There are 2 protein chains.
Amino acid sequence: MLASTSIKNLLRNVAKLVSISWEDENSLKNYFTEKRLLRKQFLLQADETCRHDNYVVSGSLRAFYVDKDGDEHTLQLAIDDYWITDLNSLMNETASSIYIQALEPSEVLQIESKNLNILFAERPVFERFFRLLHQRAYIAQTNRILNNIALNGHERYRQFADNFPEFVRRIPQKFLASYLGMTPVFLSQLQNSRKLR
Amino acid sequence: MLASTSIKNLLRNVAKLVSISWEDENSLKNYFTEKRLLRKQFLLQADETCRHDNYVVSGSLRAFYVDKDGDEHTLQLAIDDYWITDLNSLMNETASSIYIQALEPSEVLQIESKNLNILFAERPVFERFFRLLHQRAYIAQTNRILNNIALNGHERYRQFADNFPEFVRRIPQKFLASYLGMTPVFLSQLQNSRKLR
C-alpha cells in the first residue's frame, strides 16, 4: 500500500505535463511501489541490469560513473519531484555502467519496466507523459553539452545556480563540482566570490 | 504530393519502432511535406525559432553551435533514415542557438510542430513512436557524455567507426573530428593507423 502523500506527489508531478482521469490515477497506483533508501545506499550498481524507473518523493540521489582510475564522474542529480534511472540499461536490458546512490535518506516510487509497458498499453496518456519526460531529459542533456562548449566555469555555475537553487543548497559541493565539470576548489571559489557581490 | 519512395522510407523508419495501421499511414502522409536542400544550404539558423522535426530521406546534415570566437562545434550528424531538429527550440518555441546545414544535396520530410500535436491526438501510436525516438536520442546523448569521460580519443573513434561506418564514409573529416571532440589532424592520424592494422 502506497502512502497517500507519496502518491499525491507523483500525481502532481504527472499533472504538470498531462491531464489524467480517475481511471488513469488508479492504474498508476497499481504499478508503483515504495522504496526507502538510507544515506549512501545504492539504488543501482554498475554491472546490474536496471529494472525500474524511479520518481523521487523525498531525499536526493546522484548517478555516477567510475573510470579506470577509480575516479567518480557525476552524470545526473535528482531531488524531490525529479526522476532518475539508467534509461539505457532499463530499455535495452543491458548491464548498467553507472551507480545510483542516495545522498540523503530518500524515498522513491518505483515502476518496473514490464509494468511500464503494461501501463502504456492500458492507459495511453502515460505514453504521452513519458514522451514529454524523455523529451525534456534530452533537451536538458543537450543543453548540458552546449553549456560545456559555450560557457566558462563561472557562467556555467551561475546558470545552474539560477535555474536549480535547491540543488545548490542540498547537494554536497564535491558532487555539484563533478556534475558541472570543475574541481571542488574552483566551485568553492566561485561560490565565495558570489556571496561577496 | 509526396514522392512515393520518400514516404516509403519514412514508413519503414516508423515501422522499426511501432506497428501502424493503414489509417495511421494516411494520417502520417497528410502532415509531412518534402523539402530539398542544396549542398551547404541551411535548414535552421541560430536566432530563428525551429518549426519542424525533420526525417532525412537522403543526403547528410550537421547541427552545430558557433562560439564567441566564431569556432564551430558539431553537436549532431544525420544521414539517410535519421531525424534531425532543434528539439529545445521546437518544443519550447524559443530562438534556436544552433545551425542545421546540409553537407550534401539532401531531401528531408518535415512535420510542423502544430501538426505533430494534431497527429498525436488523432493517432496515439505516434505518441509511442516519438517517445521511443526521444528515448533513443536521450540514451545516445548520455552515451556520448559517458564516452567523453570513459574513453580516450582512439577508443572513442573506434567505437564510433564500428557503430556508424556510414557516417565515417560520408561525413567530411573536420565535422567528424568536431563531433568526436578532437582535432582533424588527430582524427586523420587515427584513421591512418587504423588502415595499417
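Up top you'll find the structure we're talking about.
It should be emphasised that the depicted structure is a prediction, and the values quoted were computed from it without experimental measurement.

Quick look at the overall build of chain A now. In terms of helices and strands, chain A carries nine helices and eight strands. Each of the three principal axes of chain A carries a C-alpha extent, and together these read 50 × 35 × 30 Å. Every one of the 197 residues in chain A was classed for burial, and the buried ones make up 50%. When the accessible surface of chain A is summed, it comes to about 9700 Å², and 48% of that surface belongs to carbon and sulfur atoms. For chain A, the distance from the average position of its 25 positive side-chain charges to the average position of its 23 negative side-chain charges is 7 Å.

Below, the discussion takes up the side chain of H134(A). Inspection of the secondary structure puts H134(A) in helix 5 (residues 125-150). According to the relative accessible area criterion, H134(A) is buried, its value standing at 6%. The residues touching H134(A), leaving out its near neighbours within four places in the chain, are L87(A), R131(B), H134(B) and Q135(B).

Residues and elements named next belong to chain A. Here the structure, examined in full by the defined rule, presents 24 salt bridges over all chains. Between E72 and R62 there is a salt bridge whose closest N-O contact spans 2.6 Å. With E72 in strand 5 (residues 72-79) and R62 in strand 4 (residues 60-66), this pair connects stretches of sequence that are 10 residues apart. Here D80 makes a salt bridge to R170, at a shortest N to O gap of 3.0 Å. Residue D80 is located in the loop between strand 5 and strand 6 (83-84), and its partner R170 is located in helix 7 (residues 165-170); the two are separated by 90 residues in the primary sequence.

What follows deals with the interface of chain A and chain B. Each side of the interface is counted separately: chain A has 31 residues, and chain B has 31 residues. Taken together, both faces of the contact between chain A and chain B bury some 3100 Å²; the carbon and sulfur share is 65%. Three residues stand out in chain A for area buried against chain B, namely E127(A), R131(A) and Y138(A), and they jointly supply 21% of the buried area on that side. Counting the contacts that link chain A with chain B gives six salt bridges. Here E127(B) makes a salt bridge to R131(A), at a shortest N to O gap of 2.4 Å. Connecting chain A to chain B are 10 residue pairs in polar contact (both at pLDDT 80 or more). Elements supplying a minimum of two residues to the side of chain A that touches chain B: strand 5, helix 3 (87-92), helix 4 (113-122) and helix 5 of chain A. By residue number, the principal contributor to the side of chain A that touches chain B is helix 5 of chain A, which donates 17 residues. Counted by class, the side of chain A that touches chain B contains 15 nonpolar, 10 polar and six charged residues.

The next thing to look at is the relation of the copies chain A and chain B. Expressed as a screw operation, the relation of chain A to chain B combines 0.0 Å of axial shift with a rotation of 180°, fitting to an RMSD of 0.0 Å. Look at the turn and shift together and you get a two-fold axis relating the two. Minimal C-alpha separation from the rotation axis in chain A is found for R131(A), amounting to 2.0 Å. Interface residue correspondence from chain A to chain B reaches 100%, placing this contact among same-surface, isologous pairings.

Applying the stated criterion across every chain, the model contains 28 aromatic pairs over all chains. On the numbers, 5.2 Å between centres and 85° between planes, the contact of F129(A) with F130(A) is edge-to-face. The same class applies to F129(A) and to F130(A), which are both buried. With centroids separated by 5.6 Å and ring planes inclined at 75°, the aromatic side chains of F120(B) and F130(B) adopt a geometry described as edge-to-face. Of this pair, F120(B) sits in helix 4 (residues 113-122) while F130(B) sits in helix 5 (residues 125-150), and the two are 10 residues apart along the sequence. Its relative accessible area of 3% is what places F120(B) among the buried residues. Through a chain of ring-to-ring contacts, the aromatic side chains of F32(A), Y55(A), W83(A), F120(A), F129(A) and F130(A) assemble into a single cluster. Between R62(A) and the ring centre of F64(A), over which it is positioned, the NZ or CZ distance is 3.7 Å. Stacked on the ring of Y179(B), the Lys or Arg R144(B) has its end atom at 4.0 Å from the ring centre.

The rules behind each value
- Residues numbered from 1 in each chain as written.
- Chains lettered and ligands numbered in written order.
- Predicted model: local features only at pLDDT ≥ 70, side-chain atom pairs only at ≥ 80, totals over all residues.
- Heavy atoms only, no water.
- Helix = DSSP H or I, 4+ residues; strand = E, 2+ residues; numbered from the N terminus.
- Buried < 20%, exposed > 50% of the residue type's maximum accessible area, 1.4 Å probe, protein only.
- Areas by Shrake-Rupley, 256 points an atom, 1.4 Å probe, with all protein chains shown as cover.
- Lys, Arg positive; Asp, Glu negative; His and termini not counted.
- Charge placed at Lys NZ, Arg CZ, Asp CG, Glu CD.
- Contact = heavy atoms within 4.5 Å.
- Salt bridge = Lys/Arg side-chain N within 4 Å of Asp/Glu carboxyl O.
- Buried area = accessible area lost by both parts, 1.4 Å probe.
- Polar contact = N/O pair within 3.5 Å; in protein donor to acceptor, adjacent residues only side chain to side chain.
- Nonpolar A, V, L, I, M, F, W, Y, C, P; charged D, E, K, R; others polar.
- Least-squares fit on C-alpha atoms with pLDDT ≥ 70 in both.
- Phe/Tyr/Trp six-rings, centres within 6.5 Å; stacked < 30°, edge-to-face > 60°.
- Lys NZ or Arg CZ within 6 Å of the ring centre and 35° of its normal.

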